[in-house]
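Working through the structure, step by step
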Amino acid sequence: MPQKKERYKVAVAGATGAVGTTMLEILAERGFPASEVVALASPRSAGKRVTYGKQSLKVLSLDDHDFTGTDIALFSAGGSVSAVHAPRAAAAGAVVIDNTSQFRYEDDIPLVVAQVNPHAIAGWRRRGIIANPNCSTMQLMVALAPIHRAVGIERLTVATYQSVSGAGASGVEELGRQTAQLLNFQTIEPKKFPVQIAFNLIPQIDSFLDNGYTKEEMKVVWETRKILEDEGIAVSATAVRVPVFYGHSEAVQIETREKIDLATVRALLAKAPGVALVDERVAGGYPTPVTHAAGTDPVYVGRLREDLSHPRGLALWVVADNIRIGAALNAVQIAECLVKDFL
């Protein structure tokens, strides 16, 4: 039996992007046992500097990087980039934790929420890759898994209200620019989004599929079933882009397989890892993206109530920072589970 390492060489691919820079920030914040951290990005970003704790790292080109000796590679550089370089990193011996949708729906690659199904991490040995779920699915699973384990979920209906940071830095820039232009009585021209996002709602995220749902909506369907290991859950989602910079919100209705009372649900959520219950029936007694989620790590749950339209129905409101818990933090937490239990 080889001796367990005390420190691990980590690579972060997409290190200049919003999620990549947050991955570096969280690795440093949580004191991940790294012997070395390598920042990787596209050739055009090579030579730039990024921050890792008190260090300034020079960005190297991903295209020609040799992953030999790398223990863990965190990828958040886009699906097409992961398709090329993640298998290359895995072949060199690194465990890849990929934040794109490239590998999520492949049967031999585990799809993991660290606080929900960490046992699935063991499947990394098949191809050397672990997939990070979509940000909206991620926070939803943290909130719903305790209920599903207790009484089962028969049906889930969710409307997501997703911030522009979910579309990357260009989405944040477009909301800021359009807001300034409108307040200065200037005309705007949508670029990143199909229509104006400032002071507006857009009921489309990603492309439309033949069934009328968008790909973003179907991600919630596919990923919920895979993470909860239950193909019998009926899921319907509506994904909406909203003029909020950071933090995704979700209006959730579920029908449980067995009846469960609100007191039990509150008790389950109050002790669930990663969940913060903010559920007072007073003005402001509920979480919002600005007042609670942005820049923080918990998944906030509020507006708990029994659904008047179904005898086993529950309604709740779920809010989280889509860049942190929705992407970067979960990737780092998977890495922490890896070094604790598997490497």
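A brief structural summary. (Residues numbered from 1 in each chain as written. Predicted model: local features only at pLDDT ≥ 70, side-chain atom pairs only at ≥ 80, totals over all residues. Heavy atoms only, no water.)

**Some thoughts on the overall build of the protein chain**
For the record, the criterion: Secondary structure is summarised from DSSP: a helix means a run of H or I of at least four residues, a strand means a run of E of at least two, and numbering begins at the N terminus for each. For the radius of gyration, the atoms used are the C-alpha atoms, and the globule rule reads 2.2 Å times the number of residues raised to 0.38. Burial classes: relative accessible area under 20% of the type maximum marks a residue as buried, over 50% as exposed, and values in between as partly exposed (1.4 Å probe, protein chains only). What makes two residues a contact is simply this: any of their non-hydrogen atoms within 4.5 Å. Computed with the Shrake-Rupley method and a 1.4 Å probe, the accessible areas treat only the protein chains shown as cover for residues. None of His or the chain ends enter the tally, which takes Lys and Arg as positive and Asp and Glu as negative. Charge coordinates come from a single atom per side chain, which is NZ of Lys, CZ of Arg, CG of Asp or CD of Glu.
The secondary structure content of the protein chain amounts to 9 helices and 14 strands. At 20 Å, the protein chain has a C-alpha radius of gyration in line with the 20 Å of a compact globule built from 343 residues. Dimensions of the protein chain along its principal axes, counting C-alpha atoms only, are 60 × 60 × 40 Å. Counting only residues that meet the buried cut, the protein chain has 54% of its 343 residues in that class. Here the analysis covers contacts within the protein chain between residues at least 6 apart in sequence; of these, 66% occur between residues at least 24 apart. When the accessible surface of the protein chain is totalled, it reaches about 15,000 Å², and 53% of it is carbon and sulfur. Distance from the positive charge centre (35 side chains) to the negative charge centre (36 side chains) of the protein chain: 3 Å.

**Re the sheet that holds strand 9 (residues 153-162)**
We count it as follows: Only strands that DSSP links by at least two bridges are regarded as paired with each other. Axis lines are fitted through C-alpha atoms, for helices just across the contact stretch, and the angle between N-to-C directions can take any value from 0 to 180 degrees.
Sheet architecture is open: 6 strands sit in the order 10-9-11-14-13-12, paired in mixed fashion. Because the sheet does not close on itself, it has two edges, and the strands there are strand 10 (234-241) and strand 12 (275-277). Taken pair by pair, the neighbouring strands of this sheet meet at an average axis angle of 20°, ignoring direction. Contacting strand 9 and strand 10, helix 6 (residues 215-227) crosses the sheet at an angle of about 140° to strand 10.

**A word on the side chain of Asp98**
Using the following cut-off: Any Lys or Arg side-chain nitrogen located within 4 Å of an Asp or Glu carboxyl oxygen qualifies as a salt bridge. Under the rule applied, a polar contact is a pair of N or O atoms within 3.5 Å (in protein, one hydrogen donor and one hydrogen acceptor; residues adjacent in sequence only if both atoms are side-chain atoms).
In this fold, Asp98 is placed in strand 7 (residues 95-98). Notably, Asp98 is buried but unbridged: the nearest opposite-charge side chain belongs to Arg104, and the N-O separation is 6.5 Å. In terms of polar contacts, Asp98 uses its side chain to reach the side chain of Ser82, at 2.4 Å. If we skip the residues at most four places from it in the chain, Asp98 touches Phe75, Ser82, Phe103, Ile129, Ile130, Ala131 and Asn132.

**Quick look at the environment of Asp230**
Residue placement: Asp230 occurs in the loop between helix 6 and strand 10. Here Asp230 falls in the buried class, since its relative accessible area comes to 13%. Taking the C-alpha atoms as reference points, Asp230 and Glu154, separated by 76 residues in sequence, lie 9.7 Å from one another. In this view, Asp230 contacts His148, Arg225 and Arg257; residues no more than four positions away in its chain are not counted. A distance of 3.5 Å separates a polar atom in the side chain of Asp230 from a polar atom in the side chain of His148.

**Points about helix 2 (residues 79-91)**
The test is simple: Take the number of residues in a helix, subtract one, and multiply by 1.5 Å to get its expected span. Bend, in this description, refers to the angle at a residue between axes fitted to the seven residues ending there and the seven starting there.
Relative to the 18 Å expected for 13 residues at 1.5 Å per residue, helix 2 spans 18 Å between its end C-alpha atoms, a close match to the ideal helical length. Of all the bends in helix 2, the largest measures some 30° and sits at His85, one to four residues before the proline Pro87. Among all positions of helix 2, only Ser82, His85, Ala86, Ala89 and Ala90 are buried. Tucked inside the fold, the buried residues of helix 2 contact strand 6 (72-75), strand 7, helix 3 (124-127) and strand 8 (129-131). Positive backbone phi, approximately 110°, marks Gly93, located one or two places after helix 2.

**Looking at the sheet that holds strand 5 (residues 60-61)**
Here we have 6 strands laid out as an open sheet, ordered 5-2-1-6-7-8, and parallel in their pairing. One side of each edge strand has no neighbouring strand; the edge strands of this open sheet are strand 5 and strand 8. As paired elements, strand 2 (residues 34-41) and strand 5 share 2 bridges and run parallel to each other. By the bridge assignment, Leu40 is partnered in strand 5 with Leu60. Contacting strand 1 (8-13), strand 6, strand 7 and strand 8, helix 9 (residues 324-342) runs over the sheet at an angle of about 155° to strand 7.

Taken by themselves, the reported measurements are silent on function.
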